[in-house]
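Coordinates in review
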Amino acid sequence: MGLRSKISGFKRAALSVGRLRPLVKVYAQLRRVEHLIVQAILRTFPLQLLRIVGITIKYIWYIQAGRGNDRRPLVSVVHLDALKRPLRDSLIIMHRSVVQAVAEKRPWVWMVFVFGEGETRILPGDLLSASQRLDMVSQVHIFWSKKSAIDYVQVFAHEEDRAGIIEKIENKDVSDIVTGSDLTAFSVSACGSDSYRFPHQLVVKGRDFLKLFNPGSVIAVVSLPPFSSEGLASYSEKHKWLEMIAGAAQGIPRLQLVVSGFASPGNDDLHDLARGAAFTSNLGFSLSEEMVLAKHADFYIGPMDHFAMIAIDAGKPCMIIGEEGSVSAVDGDFGSHVRTFPDIGLEDPESFSRELRSFLSDAQKAGFIPVARVDWIEKVNGNA
Amino acid sequence: MSLIKKYRAFIDDSGDRALGFIDFSYMPYALGDALTWLENLQVVAHENGFDRVEQLIHANPDRPSSRFQPHIDASNYQIFLDNLYPALLCSPMMEAVHVVSQPNTFNAMLASKKLAGVSSWPSFWAQPRQEIDYFSHKRMNDFHAKHGYLPMLDAPRGYEHSADDYIARELSGKFVVSVNIRQRITHMNLAALHRDSPIAEWRNFFERMHQRHPNVAFVLLGGYMEWERDIFSIPNVAIPRTHGFGLGMELALLFKSDLFMGSSSGFSAAATFSKVPYIITNYEHSAAAFTYINVGDKRYPFSSETQTLDWQQETADHLDDLFEARYGMIKGGS
C-alpha cells in the first residue's frame, strides 16, 4: 500500500470519526442523565438511612477499637509561653518526641500546644505549618485554655498515659518540654525515622530558585541573630550582622547569600548592605519555602534557629553564630558538620572573615563540600 | 471495662463550646469558603448560647481534596493547607484547633462530640453524606433577621500585634485602604476567570489617588504572583508580601483597615463578615442566588451603610467615583 492510499485511509477514518461527533454528544448527554438518575436514587430515603446506619456502625467500631489510640501514640505537651524561641524550640521538641517515639516503638506523635496567658512570640499559622513537616506527627492540637486541653486528653489519650499528660498540661514545670534548648538526642534521621519532609512542589521551587542564581555558585542560607545583649535585636543591629557576613562573603569567589526570615522596613538599605544577596522574605517565600532553601543550599550561617535545625538535620555544614550557638553543651551532639561560634561578635569583622574561611576549609576536608566544589575551596584557601 | 463504661468514658464532656469541623476530602481549599464556614460556625455557637468554638480539621493524605480541586493531590495538599491556616484563626471565639490526618481518629472525635450532644457546624450528618453548604448566606441571613445582629470575624489570633506594628511603622497617620484585585489567571488552577479584575484600571486608580489624596495608603493583598511589578513603584501602595508576611498578616491588616476595596473573592468574604467599611467590586451576578440577594442590590441584609456591593466591572473612573463617595462618607462620619 502506497503512502497516498495510507493518507487517504487516515483521512477517511478521521472523517468517519467526525461524523460520529453528534453521536458522541448524545452519548455524553445520556451519561449525564444516567448520573443524575443514580444520584437521585442514592438520595432516596432508604438508601440515605442505610448509609447513616452504616456510618453509625462505623462510629461504634471506632469507639470499640479504643478511640483510634489503641497503638498508644506519644503525646507531647508544649507550653508556648515557657519557650524563649517558640518556633525553634517547638521544632526541637517535635524532633525529640519523634526520637523518643521511635525508641519506645510508638506509632505516632501527637503534639499538644498550649498558649499561656502571656504574650507568645509565635504565629499560630507558622506553628501549624511547621508541625506538619514530620511524618510521624499525626495530630496537632492548639489550645488557648488548659481546661479544653485536659478535656481532650481525658477522652482521647491512652489510659496509661493520661494522668501524666494532664499533669504536664497543668504544671509547666513538670513538663519535659520547657527545656527546648537542650539539643541532645537531636537527629531525627539518625534514629531511623523520616526526616523533615516538604511538599514536592515546594522542593522543586526551592531547588529551582537556588539554580537560578547561577548553577555553579555556592549558596549559603543566612539567618540573622535575633538577640543582642539587651534583648531582642533591633533592625539596625541586624543590619550590622548582615553587613559583617556580607563583607566576609565578598572576598570568597562565587559565594551567594540567601537571607531568610528577615524583612526590614528599609528594603533599599538591605540591598546596599549585601549586594547580590537574595532576601527571601521580600520575594514572597513562605516559612516552609524558606525551610526548603535551608535544607537544599550548600551551607548555613546564622544563629541556632529553625532554619539551622533544618540545615543540621539535612547534614549541611553549619556555622552557628551568636550567643544562641552556646545552647549546646557539646558541639559533637550536632555532628561534625556543625561548628558553633558563640563569641563571634560585631566588634571584629576580620575575625569573622577568618573563621568563615577556616570553617569552609574544614567542611571541605571533612567531605561536606561536594567534589565539584573542590577547586572553589582551593580558591577560597588561596585567597585566605 | 464494661461496654457501657467504655461508651460513657468516650463521651467528650466539652459541652461548653460549639464544634466546627472540616474534612478536606469534600470541602474545597478556598479562602472565601473557609471564612464563610467559620462565620456559620460562629452563628451556630451564638444560636446555642456559646461564646467559644473549637475546630476539628481533617486532611487525609489518602483523600486530600474534593472532586472540585483535582489539581490538589497527596504531593501538594499541605501547601494549600498551610496557606489556609490563618483564615481558620479569624474567630474571636476560638478556644482550640485540632489538625488530624487519620480518618479513624477524626471520626472517633466526631462520634464522641455527637454522643455528648455538642452543637456543630456543619451538622454531624454532613460527614456520612460528605456534603456541606460552604458558600450560602442562608443561616447568617436567618440569624440576622431573628436577632438583629451577626457575630463578626476578627483579625486571626496571634497576628494582631504584628499588624499593629506594621501599621505604626509603615502606615502611621494614613487612611488605610486594603485592596484585593482577583487575578486567578496567575494561579495554577484557572478557576472562574470571568471574576478576575482588570489590574491596569486599578493601577490607574492608585496613581490618581496618589496625586489627589497623598494621605491615603493602599495595602495590596493577595498572592505574590498577583501584583504587577510597576505597582510596586507607586508610592501610596504597600504590599505586605514583599515584607515577608503571609495571609495571616494580610487578614489582620484587612480587619484593621479603614476601608476595604476589592473584587468579589476570598478577601471580600473576610470584609463581608467584619465591621470594616467595604466596597466589593465586580460582584458575580450568578452568586446572588447563593447569598440570597437580587442582582443590583447595594448590600447584604446584615451589612451597614458603609458596606456596599458593586456589580460592574472595574474601570479607573468607576473606582474613583466609588472611592470618593465612600471616603467622603467615612470622613464626614468621623
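Because the structure is predicted, anything quoted here is derived from the model rather than measured.

What counts and how
Residues numbered from 1 in each chain as written. Chains lettered and ligands numbered in written order. Predicted model: local features only at pLDDT ≥ 70, side-chain atom pairs only at ≥ 80, totals over all residues. Heavy atoms only, no water. Helix = DSSP H or I, 4+ residues; strand = E, 2+ residues; numbered from the N terminus. Rg over C-alpha atoms; globule rule 2.2 N^0.38 Å. Buried < 20%, exposed > 50% of the residue type's maximum accessible area, 1.4 Å probe, protein only. Contact = heavy atoms within 4.5 Å. Areas by Shrake-Rupley, 256 points an atom, 1.4 Å probe, with all protein chains shown as cover. Lys, Arg positive; Asp, Glu negative; His and termini not counted. Charge placed at Lys NZ, Arg CZ, Asp CG, Glu CD. Core = buried A, V, L, I, M, F, W, Y, C linked by side-chain atoms within 4.5 Å. Pairing = 2+ DSSP bridges. Axes fitted to C-alpha atoms, helices over the stretch in contact; angles between N-to-C directions. Patch = residues over 30% accessible without salt bridge, like charges linked within 9 Å, V, L, I, M, F, W, Y side chains within 5 Å. Salt bridge = Lys/Arg side-chain N within 4 Å of Asp/Glu carboxyl O. Phe/Tyr/Trp six-rings, centres within 6.5 Å; stacked < 30°, edge-to-face > 60°. Lys NZ or Arg CZ within 6 Å of the ring centre and 35° of its normal. pLDDT = per-residue confidence, 0-100. Expected span 1.5 Å × (residues − 1). Buried area = accessible area lost by both parts, 1.4 Å probe. Polar contact = N/O pair within 3.5 Å; in protein donor to acceptor, adjacent residues only side chain to side chain.

Below, the discussion takes up the overall build of chain B. A tally of helices and strands in chain B yields 12 helices and 10 strands. Its C-alpha atoms give chain B a radius of gyration of 21 Å, within 12% of the compact-globule value 20 Å for 334 residues. With respect to the principal axes defined by its C-alpha atoms, chain B has extents near 75 × 45 × 40 Å. Burial status across chain B gives 60% buried among its 334 residues. Of the contacts made within chain B by residues no fewer than 6 positions apart, 73% connect residues no fewer than 24 positions apart. Carbon and sulfur atoms provide 51% of the accessible area of chain B, an area that totals close to 12800 Å². Here chain B carries 30 positive and 38 negative side-chain charges, and the mean point of each set is 5 Å from the other.

Moving on to the nonpolar core. Grouped together as the largest cluster of nonpolar side chains are 156 residues, with contacts concentrated most on B:Trp37 and B:Leu251. For this core, the leading source of residues is helix α2 (residues 31–47) of chain B, giving 9 residues. With residues near it in sequence (within four places) discarded, B:Leu251 still touches B:Leu31, B:Pro86, B:Ala87, B:Cys90, B:Pro156, B:Phe267 and B:Ala270. A:Ala220, A:Ala274, A:Ile321 and A:Leu356 belong to the second-largest nonpolar core, a separate cluster that totals 29 residues.

In this section: the sheet that holds strand β5 (residues 175–180) of chain B. Residues and elements named next belong to chain B. Across the sheet, which stays open at both edges, the 6 strands sit in the order β7-β6-β5-β8-β9-β10 with parallel pairing between neighbours. If you trace the sheet from one side to the other, it starts and ends with β7 (237–238) and β10 (307–309), each paired once. Examined bridge by bridge, strand β6 (residues 216–221) and β7 share 2 bridges and lie parallel to one another. Counted as the bridge partner of phenylalanine 218 is valine 237 from β7. Against the sheet, helix α8 (residues 199–212) makes contact with β5, β6, β7, β8 (259–263) and β9 (278–281), and its axis sits at roughly 155° relative to β6, the strand it touches most.

Turning to unusual backbone geometry, a few remarks are in order. Cis geometry marks the peptide bond from B:Trp121 to B:Pro122; its omega dihedral reads -5°. Mapped onto the elements, B:Pro122 comes out in the loop between β4 (120–121) and α5 (126–129). Even without being a glycine, A:Lys105 presents a positive backbone phi close to 55°. Checked against the element boundaries, A:Lys105 lands in the loop between α4 (86–103) and β2 (109–114). Classification of A:Lys105 by relative accessible area gives exposed; the value is 74%. The residue B:Tyr292 is not glycine, and still its phi comes out positive at about 60°. The residue B:Tyr292 is located in the loop between α11 (288–291) and β10 in this model. Accessibility expressed as a relative area gives 45% for B:Tyr292, which makes it partly exposed.

The grouping of A:Leu20, A:Leu23 and A:Val24 at the surface amounts to a nonpolar patch, some 290 Å² of accessible area in total. Structurally, the position occupied by A:Leu20 is in the loop between α1 (3–19) and α2 (21–42).

The subject of this paragraph is the sheet that holds strand β3 (residues 137–143) of chain A. Remark on secondary structure: sheet strands pair via backbone hydrogen bonds, oriented parallel or antiparallel. Spatial ordering of the open sheet is given by β1(A)-β2(A)-β3(A)-β3(B)-β2(B)-β1(B)-β4(B), a layout of 7 strands whose pairing is mixed. Taken across any chain shown, the strands that pair with only one partner, and hence form the sheet edges, are β1 (74–79) of chain A together with β4 of chain B. Relative to strand β2 (residues 53–58) of chain B, strand β1 (residues 18–23) of chain B runs parallel, the two being bridged by 6 bridges. From the neighbouring strand, B:Gly20 faces β2(B), where its bridge partner is B:Gln55. The sheet contacts of α4(A) involve β1, β2 and β3 of chain A, and relative to β2(A) the element is tilted by about 150°. Helix α6 (residues 146–156) of chain A rests against β1, β2 and β3 of chain A together with β3 (94–100) of chain B of the sheet, and its axis sits at about 145° to β3(A).

Inspection of the entire model under this criterion finds 28 aromatic pairs over all chains. For the ring pair B:Phe205 and B:Phe206, a centre distance of 5.9 Å and an interplane angle of 45° mean the geometry is tilted. The exposure classification of B:Phe205 matches that of B:Phe206, with both residues buried. In this structure, A:Lys205 is placed above the aromatic ring of A:Phe285, and the distance from its NZ or CZ to the ring centre is 4.8 Å.

When the pLDDT values of chain B are averaged, the result is 89; 95% of them are 70 or greater. Here the predicted complex carries an ipTM of 0.87, next to a pTM of 0.84.

Residues and elements named next belong to chain B. Mapped onto the elements, valine 44 comes out in helix α2. Assessed through its relative accessible area of 3%, valine 44 is described here as buried. C-alpha of valine 44 to C-alpha of glycine 266: the two residues are 222 residues apart in sequence and 22 Å apart in space. Not counting the four nearest positions on each side in its chain, valine 44 is found in contact with Ser119, Ser120, Trp121 and Arg139.

All names here are of chain A. Across chain A, pLDDT averages 76, with 72% of residues at or above 70. Low pLDDT, under 50, characterises residues 177–181; the stretch is placed with 17 contacts to residues that sit more than four places away or in other chains. Scored below 50 in pLDDT, residues 328–332 makes 4 contacts in the model with residues more than four places away or belonging to other chains.

The periodicity of an α-helix, 3.6 residues per turn, causes residues three or four places apart in sequence to face the same way. Over its 16 residues, helix α9 (residues 235–250) of chain A extends 22 Å from the first C-alpha to the last, a length consistent with the 22 Å expected when each residue adds 1.5 Å. Those residues of α9(A) that fall on the buried side of the exposure criterion are A:Lys238, A:His239, A:Trp241, A:Leu242, A:Met244, A:Ile245, A:Ala246, A:Ala248 and A:Ala249.

Turning next to helix α11 (residues 287–296) of chain A. With respect to burial, α11(A) is a largely interior element, 8 of its 10 residues being buried. For α11(A), every residue scored as buried is listed here: A:Leu287, A:Ser288, A:Glu289, A:Glu290, A:Met291, A:Val292, A:Leu293 and A:Ala294.

Let us now look at the interface of chain A and chain B. Contacts between the two partners involve 52 residues from chain A, matched on the other side by 56 residues from chain B. Roughly 4800 Å² is buried in total at the junction of chain A and chain B, and carbon and sulfur atoms are behind 56% of that figure. Seen at the junction of chain A and chain B, the total is 3 salt bridges. B:Asp16 is the partner of A:Lys147 in a salt bridge, and the nearest nitrogen-oxygen pair spans 3.5 Å. Put simply, chain A and chain B have 19 residue pairs in polar contact (both at pLDDT 80 or more) between them. Contributions of two or more residues to the side of chain A that touches chain B are made by α3 (45–64), α5 (124–131), β3, α6 and α8 (200–213) of chain A. For the side of chain A that touches chain B, the element with the highest residue contribution is α3(A), accounting for 10 residues.

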